[in-house]
Amino acid sequence: MHVDEWLQAIPAVWICVLVGLVIGIESLGIPLPGEIVLVSSALLAAKGVVDPLWVGVCASVGAIVGDSIGYAVGRRGGKPMFDRLGRRFPKHFGSEHIGRAERYFHRYGMWTVFLGRFVALLRILAGPLAGALRMPYWRFLVANVLGGIVWAGGTTAVIYYLGIAAERWLRGFSWVALVIALLFGIATTLFLKRRAARMAAEESAQEEQEGRPVGAG
């Protein structure tokens, strides 16, 4: 069963609660499909299953509160906590991932917390790592609140209105529109993946020029 089909089986109010919980737990540093649940809920809102305003509100609250708790956990546990997590969960907390996230923090500061909402890796690590690196809480809170609202609210609004437009468009143009929409989605995904790969390659090349191994903290 797909996520959207599963969500349709529960009451609307619990969809909003679930969105907030999943995104909040993900923001704590626990890998969960927060973005998938958010997008699926926004699509259900476009179908009239749930109120898009409450989806956006619950998602924003979950993101902000989860990141804040993650910050407190990271500040208490410090770097040794990430060393232990790296040994147990190398896929998500390996030294390469942590090292790259740390470099983003040192280079971009508050922007890492804000923009981290839009990047899968940083969405999980931003809160705990900001605490472990002793970022001043007021700076973290400003970036956290703005990033949570823009990401959660913005994603909900965009997917909601796209869903409504797509439904009307597909109703008028049938399979031709469906094929065009699929091709556009595939092309956009490929472009974003190539862009991300190019940025990662540039980051690695810069590290090699500086004489540092990739993933070093």
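Attention here is on the structure that accompanies the text. (Residues numbered from 1 in each chain as written. Predicted model: local features only at pLDDT ≥ 70, side-chain atom pairs only at ≥ 80, totals over all residues. Heavy atoms only, no water.)

### With respect to the packing of helix α2 (residues 12-27) against helix α3 (residues 34-46)
Under the convention used in this document: Orientation is described by lines fitted to C-alpha atoms, with helices fitted over the stretch in contact, and by angles between N-to-C directions that extend from 0 to 180 degrees. Segments assigned H or I by DSSP are reported as helices when at least four residues long, segments assigned E as strands when at least two residues long, and all are numbered from the N terminus. These descriptions rest on fixed angle ranges, namely under 35 degrees for roughly parallel, over 145 for roughly antiparallel, 65 to 115 for roughly perpendicular, and the rest for oblique. Each crossing is labelled by how the near helix is turned from the far one, with a counterclockwise turn of less than a right angle marking it left-handed and a clockwise turn marking it right-handed. Here, two residues are considered to be in contact whenever any of their heavy atoms come within 4.5 Å of each other. For this scheme, ten residues count as nonpolar: Ala, Val, Leu, Ile, Met, Phe, Trp, Tyr, Cys and Pro. Four count as charged, namely Asp, Glu, Lys and Arg, and the remainder, Gly too, count as polar.
Orientation of α2 relative to α3, taken along the N-to-C sense of each, is 160 degrees, at an axis distance of 9 Å. Between α2 and α3, the angle is such that the two are roughly antiparallel. The way α2 lies across α3 gives a crossing that is left-handed. Here Ile-15, Val-19, Val-22, Ile-23 and Glu-26 of α2 lie close against α3, whose contacting residues are Gly-34, Glu-35, Val-37, Leu-38, Ser-41 and Leu-44. Per-class residue counts for the contact of α2 with α3 are seven nonpolar, two polar and two charged.

### Re the packing of aromatic side chains
Short version of the rule: Pairing of aromatic side chains here covers Phe, Tyr and the six-membered ring of Trp, requires ring centres within 6.5 Å, and sorts the geometry by plane angle: under 30 degrees stacked, over 60 edge-to-face, intermediate tilted.
Under the counting rule described, the total for this entry stands at six aromatic pairs. Between the aromatic rings of Tyr-71 and Phe-140, the centroid separation amounts to 4.6 Å while the plane-to-plane angle is 25 degrees, which identifies the pairing as stacked. On the criterion of sequence distance, the pair formed by Tyr-71 in helix α4 (residues 52-88) and Phe-140 in helix α9 (residues 137-209) is long-range, its members being 69 residues apart. Where Tyr-137 meets Phe-140, the ring centres are 6.1 Å apart and the plane angle is 35 degrees; that geometry is what we call tilted. Here Tyr-137 and its partner Phe-140 are both found in helix α9, three residues apart, which amounts to about one turn of the helix. Members of the aromatic cluster, joined through ring pairs, are Tyr-71, Tyr-137 and Phe-140.

### Quick word on the nonpolar core
Where we set the bar: Take the buried Ala, Val, Leu, Ile, Met, Phe, Trp, Tyr and Cys residues and link them wherever side-chain atoms come within 4.5 Å; each set so joined is a nonpolar core. Working definition: with a 1.4 Å probe on protein chains only, accessible area under 20% of the residue-type maximum means buried, over 50% means exposed, and in between means partly exposed.
Val-19, Ile-23, Leu-38, Val-50 and Ala-59 are the most contacted members of the largest nonpolar core, which totals 19 residues. If you list the elements that add at least two residues to this core, you get α2, α3, α4 and α9. Take this core: its biggest share by element is six residues, from α2. Excluding residues within four positions of it along the chain, Val-50 makes contact with Ala-12, Cys-16, Ser-41, Leu-44, Ala-45 and Val-55. Ranked by size, the runner-up nonpolar core spans ten residues in total, among them Tyr-71, Ala-126, Ala-130 and Ala-143.

### Let's talk about the state of the cysteines
Note the following rule: The term disulfide is used for any two cysteine sulfur atoms that are within 2.5 Å.
Considering all chains together, one arrives at zero disulfides under this definition. Between Cys-16, a free cysteine, and Cys-58, which holds the nearest cysteine sulfur, the sulfur-to-sulfur gap is 4.7 Å.

### Considerations on the pattern of salt bridges
Selection rule: In what follows, salt bridge is the name for a side-chain nitrogen of Lys or Arg lying within 4 Å of a carboxyl oxygen of Asp or Glu.
A complete count under the given rule lists one salt bridge for this structure. Close ionic contact of Asp-67 with Arg-117 constitutes a salt bridge, the shortest N to O distance being 3.3 Å. Of this pair, Asp-67 sits in helix α4 while Arg-117 sits in the loop between α7 (110-116) and α8 (120-132); the two residues are 50 residues apart in sequence, bridging distant segments of the chain. Asp-67 gets classed as buried once you look at its relative accessible area, which sits at 2%.

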